[in-house]
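Single-letter residue listing:
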Amino acid sequence: MIVERFSGLLAAFRAAGAKIGTSEYDEVAILSFVAQPAANIVTTVRELEAGLRARLKWLSERDALSLGASLAFVRLVGASDELGTLADAKLLLDMQTIVTARQTASIAAMTAATT
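Residues numbered from 1 in each chain as written. Predicted model: local features only at pLDDT ≥ 70, side-chain atom pairs only at ≥ 80, totals over all residues. Heavy atoms only, no water.

A.B. asks: Residue-level account of the packing of aromatic side chains, with values.
C.D. replies: Within the structure shown, the criterion is met by 1 aromatic pair. Where Phe6 meets Tyr25, the ring centres are 5.6 Å apart and the plane angle is 90 degrees; that geometry is what we call edge-to-face. Of this pair, Phe6 sits in helix α1 (residues 2–15) while Tyr25 sits in helix α2 (residues 25–31), and the two are 19 residues apart along the sequence. (Phe/Tyr/Trp six-rings, centres within 6.5 Å; stacked < 30°, edge-to-face > 60°. Helix = DSSP H or I, 4+ residues; strand = E, 2+ residues; numbered from the N terminus.)

Dropping the structure here:
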């Protein structure tokens, strides 16, 4: 059943124009556990992704999709009494990943500028 759910979400994302490669499979897998229609999940992710790209110009398309998927998970699962804490923990871990990526990019830029 979960394989069908994953495949259905993958197809729905691709039909909506998302470029889903193997590096995005983790996000789709996590979203497979959200008990909502695929169309609702995809719409939520794509809206958040578009908002992120409009506000954070430095985000790549791949990063915006990944962060949009994480934020969608938090939005869709966060209201649940049983799963709300899980959504909070996931959001914190995702934000930590973004901060680390920004720090790495800044260090790389400074190194390139001094060599």
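A.B. asks: Describe the side chain of Glu27, listing the residues and the values that go with them.
C.D. replies: Along the chain, the position of Glu27 falls in helix α2. The residues contacting Glu27, other than those within four sequence positions of it, are Ser66 and Ala69. (Contact = heavy atoms within 4.5 Å.)

A.B. asks: Tell me about the packing of α1 against helix α3 (residues 38–55), and please be specific about residues and values.
C.D. replies: Where α1 contacts α3, the axes come no closer than 9 Å and their chain directions differ by 50 degrees. What the angle tells us is that α1 and α3 run oblique. Classified by chirality, the crossing of α3 by α1 is right-handed. The segment α1 lies against α3, with Arg5, Leu9, Ala12 and Phe13 engaging Ala38, Ile41, Val42 and Val45. Across the contact of α1 with α3, the residue classes tally to 7 nonpolar, no polar and 1 charged. (Axes fitted to C-alpha atoms, helices over the stretch in contact; angles between N-to-C directions. Parallel < 35°, antiparallel > 145°, perpendicular 65-115°, else oblique. Left-handed = near helix turned anticlockwise from the far one by under 90°. Nonpolar A, V, L, I, M, F, W, Y, C, P; charged D, E, K, R; others polar.)

A.B. asks: I'd like a description of the pattern of salt bridges, backed by residues and values.
C.D. replies: Pairing between side chains of opposite charge can happen when their charged atoms approach one another. In this structure the tally under the stated criterion is 2 salt bridges. In this structure, Glu24 and Arg62 form a salt bridge, with 2.8 Å as the shortest nitrogen-oxygen distance. Highlighted residues: Glu24 in the loop between α1 and α2 and Arg62 in helix α4 (residues 61–77), separated in sequence by 38 residues. For Glu24, a relative accessible area of 3% corresponds to the buried category. Classification of Arg62 by relative accessible area gives exposed; the value is 53%. (Salt bridge = Lys/Arg side-chain N within 4 Å of Asp/Glu carboxyl O. Buried < 20%, exposed > 50% of the residue type's maximum accessible area, 1.4 Å probe, protein only.)

A.B. asks: An account of the packing of α3 against α4 is requested, with residue identities and associated values reported.
C.D. replies: For any two helices packed against each other, one specifies the crossing angle of their axes together with the interaxial distance. Across the interface, α3 lies against α4 with an axial gap of 8 Å and an inter-helix angle of 125 degrees. By the criterion of interaxial angle, the relationship of α3 to α4 is oblique. Where α3 crosses over α4, the handedness of that crossing is right-handed. Here α3 contributes Asn40, Ile41, Thr44, Val45, Leu48, Glu49, Leu52 and Arg53 to the contact with α4, which in turn contributes Glu61, Ala64, Leu65, Leu67, Gly68, Ala69, Leu71, Ala72, Arg75 and Leu76. Grouping the constituent residues of the contact of α3 with α4 by class yields 11 nonpolar, 3 polar and 4 charged.

A.B. asks: With reference to specific residues and values, describe the nonpolar core.
C.D. replies: Residues Leu9, Phe13, Ile20, Leu31, Val34, Ile41 and Val45 are the most contacted members of the largest nonpolar core, which totals 18 residues. Broken down by secondary-structure element, the contributors of at least two residues to this core are α1, α2, α3 and α4. For this core, the element with the highest residue contribution is α4, accounting for 6 residues. Not counting residues within four places of it along the chain, the set of residues in contact with Val34 comprises Arg5, Ile41, Phe73, Leu76 and Val77. (Core = buried A, V, L, I, M, F, W, Y, C linked by side-chain atoms within 4.5 Å.)

Remember that the coordinates give geometry; whether it matters functionally is a separate question.
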